[in-house]
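What follows is each chain in one-letter form.
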Amino acid sequence: MKLMICPMNGTRPISEFAYWGEIRPAPDADTCTDDQWADYVFNRNGAPGVKKEWWCHTPSNTWFIAERDTEKDKVLRTYLHGEDK
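Throughout what follows, the structure given in this document is the object of discussion.

Conventions used here
Residues numbered from 1 in each chain as written. Predicted model: local features only at pLDDT ≥ 70, side-chain atom pairs only at ≥ 80, totals over all residues. Heavy atoms only, no water. Salt bridge = Lys/Arg side-chain N within 4 Å of Asp/Glu carboxyl O. Helix = DSSP H or I, 4+ residues; strand = E, 2+ residues; numbered from the N terminus. Buried < 20%, exposed > 50% of the residue type's maximum accessible area, 1.4 Å probe, protein only. Core = buried A, V, L, I, M, F, W, Y, C linked by side-chain atoms within 4.5 Å. Contact = heavy atoms within 4.5 Å. Pairing = 2+ DSSP bridges. Axes fitted to C-alpha atoms, helices over the stretch in contact; angles between N-to-C directions. Polar contact = N/O pair within 3.5 Å; in protein donor to acceptor, adjacent residues only side chain to side chain.

Another point: the pattern of salt bridges. Enumeration according to the criterion identifies six salt bridges in this entry. One salt bridge connects Glu22 with Lys51, and the closest N-O pair in it is separated by 4.0 Å. Of this pair, Glu22 sits in strand β3 (residues 17-22) while Lys51 sits in strand β4 (residues 50-57), and the two are 29 residues apart along the sequence. Given the relative accessible area of 26%, Glu22 is considered partly exposed. On the basis of relative accessible area, Lys51 is assigned to the buried category, the value being 9%. Put simply, Lys2, Glu53, Arg68 and Asp73 are held in one network by salt bridges that share partners.

Moving on, we come to the nonpolar core. Judged by nonpolar contacts, Met4, Cys6, Phe17, Trp55, Phe64, Ala66 and Leu80 together constitute the single largest core of seven residues. Those elements that place two or more of their residues in this core are β1 (3-6) and β5 (62-69). Contacts of Phe17, omitting those with residues within four sequence positions, involve Met4, Cys6, Arg12, Trp55, Cys56, His57, Thr58 and Phe64.

It is worth spelling out the sheet that holds β3 at this point. Spatially, the four strands line up as an open sheet ordered β3-β4-β5-β6, and their pairing is antiparallel. One side of each edge strand has no neighbouring strand; the edge strands of this open sheet are β3 and β6 (74-79). Between one strand axis and the next, the sheet turns through 35 degrees on average, direction left out of account.

In this section: the environment of Tyr79. Relative to the assigned elements, Tyr79 resides in strand β6. Sequence spacing of Tyr79 and Lys52 is 27 residues, and the spatial spacing of their C-alpha atoms is 11 Å. Setting aside its immediate chain neighbours within four residues, Tyr79 contacts Pro7, Lys52, Phe64, Ile65, Glu67 and Asp84. Of note is the side chain of Tyr79, whose polar atom sits 3.2 Å from the side chain of Glu67.

This is the structure we're talking about:
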């Protein structure tokens, strides 16, 4: 069974979690061009590597960040937003 660590609830089965996407810096909506905004909205970096992603532990509705190596399919660490050090 694949497991993930929720920062609030500890180790839980992966089936209790929902993936919500990679954390990416958004361009300034007031100053960016249409092409820059379209690139942000429609394009993603699919290259394997370490990524920061939003995840939710659905039974407790706990949202947190997971740093995950997508090449090795391994979660490196999880933490609540604002606790990244």
